[in-house]
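# Inside the fold
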Amino acid sequence: MYRIDAWWDRRLAGLLMVLAAGTSVVLALTSDAGLTVVRVFVVLAIFCVVFWFARMTFVPFVEVGPAALRVRNIFETHEIPWRAMREVRDDPRSGVAVVLEDEQKVRIEAFARWPSFGRHQKIVERLEQARREALEGGDTSVTVVKSSGIAEFILFIPIAGAVVSLVVQGIWNLLS
């Protein structure tokens, strides 16, 4: 089994976004303005955006194994047996996708929506070659494992807290 990560330039751009947003969190925490409830929640919200960019950048990948193709997207993992696949296709709008025997498409987010400069076709050829080599029998049931939802929860709490604290502080300022 071998792993194909997202392209290095996509991961580098994500890393730069994470570093830029992370720097803004550090600067906000070290400024002399003092920590208020609103400020803490806004900093936490920025931190969650950093977490989100990191998740979008570093989570998606593809693993090629002897019996199946494992597609790890941001919110779910697909275990696709080679016999259940009809083809791997490069869709101009969404990137590389696996087309199953029942016409369902499974997007490969590691290679979606990014300037490919012809690299999409190389990934398609590589995965099609692996499929041809592995087609010797086996299971055809596709397994999908959804993520736990912790990423959405981590994003929701500080953003909701920032909004509530802004509303409370606004009401307090109006009343005083």
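Scroll up to find the structure this text is about.
This section reports on the structure supplied with the text. Fair warning: this is a prediction, and the values are worked out from it, not measured in the lab. (Residues numbered from 1 in each chain as written. Predicted model: local features only at pLDDT ≥ 70, side-chain atom pairs only at ≥ 80, totals over all residues. Heavy atoms only, no water.)

## Some details on the overall build of the chain
Counting secondary structure elements, the chain contains 4 helices and 8 strands. When its helices and strands are written in sequence order, the chain yields β-α-α-β-β-β-β-β-β-α-β-α. Across the 176 residues of the chain, 39% fall into the buried class. Within the chain, contacts between residues at least 6 apart in sequence are counted, and of these 60% link residues at least 24 apart. Carbon and sulfur atoms provide 65% of the accessible area of the chain, an area that totals close to 10500 Å². (Helix = DSSP H or I, 4+ residues; strand = E, 2+ residues; numbered from the N terminus. Buried < 20%, exposed > 50% of the residue type's maximum accessible area, 1.4 Å probe, protein only. Contact = heavy atoms within 4.5 Å. Areas by Shrake-Rupley, 256 points an atom, 1.4 Å probe, with all protein chains shown as cover.)

## Details of the environment of Arg 11
As for its position among the elements, Arg 11 is in helix 1 (residues 8-30). Relative accessible area serves as the criterion here: at 32%, Arg 11 is assigned to the partly exposed category. In this structure the C-alpha to C-alpha distance between Arg 11 and Ala 110, which are 99 residues apart in sequence, comes to 9.7 Å. Aside from chain neighbours lying at most four places away, what touches Arg 11 is Asp 5, Ala 6, Thr 57 and Phe 58.

## Topic: the sheet that holds strand 7 (residues 105-107)
Across the sheet, 3 strands lie side by side as 5-6-7; this open sheet has antiparallel pairing. Single-partner strands in this sheet number two, and they are strand 5 (85-91) and strand 7. In this sheet, neighbouring strand axes are inclined to one another by 25° on average, regardless of whether the strands run parallel or antiparallel. Across 3 bridges, the pairing between strand 6 (residues 95-100) and strand 7 is antiparallel. (Pairing = 2+ DSSP bridges. Axes fitted to C-alpha atoms, helices over the stretch in contact; angles between N-to-C directions.)

## A look at the side chain of Glu 63
With respect to the secondary-structure elements, Glu 63 resides in strand 2 (residues 61-64). The residues contacting Glu 63, other than those within four sequence positions of it, are Met 1, Tyr 2, Arg 3, Ala 68, Leu 69 and Arg 70.

## Focus on the pattern of salt bridges
If you walk through the whole model with that rule in mind, you get 6 salt bridges. With its nearest N and O atoms 2.4 Å apart, the salt bridge here joins Arg 89 to Glu 87. With a shortest N-O distance of 3.1 Å, Glu 128 and Arg 131 are connected by a salt bridge. With Glu 128 and Arg 131 both in helix 3 (residues 119-134), this residue pair falls 3 residues apart, about one helical turn. Across the pair, Arg 131 and Glu 128 agree in class, each one buried. One salt-bridge network, in which partners are shared between bridges, spans Glu 63, Arg 70 and Glu 79. (Salt bridge = Lys/Arg side-chain N within 4 Å of Asp/Glu carboxyl O.)

## Concerning the pairing of strand 6
The element strand 6 is largely enclosed, with a buried count of 6 among its 6 residues. Bridge count for strand 5 against strand 6 is 6 bridges, and the pairing is antiparallel. In the sheet register, Met 85 faces strand 6, and the bridge partner there is Leu 100. Connecting strand 6 to the antiparallel partner strand 7 that follows it, the hairpin turn spans 4 residues, and Glu 103 within it adopts a positive phi of roughly 70°.

## Points about a nonpolar patch on the surface
A cluster of nonpolar side chains, namely Trp 8, Leu 12, Leu 15, Leu 16, Leu 19 and Phe 58, defines an oily patch on the protein surface of about 620 Å² accessible area. The biggest single contributor to the nonpolar patch is helix 1, with 5 residues. On the secondary structure map, Leu 12 appears in helix 1. (Patch = residues over 30% accessible without salt bridge, like charges linked within 9 Å, V, L, I, M, F, W, Y side chains within 5 Å.)

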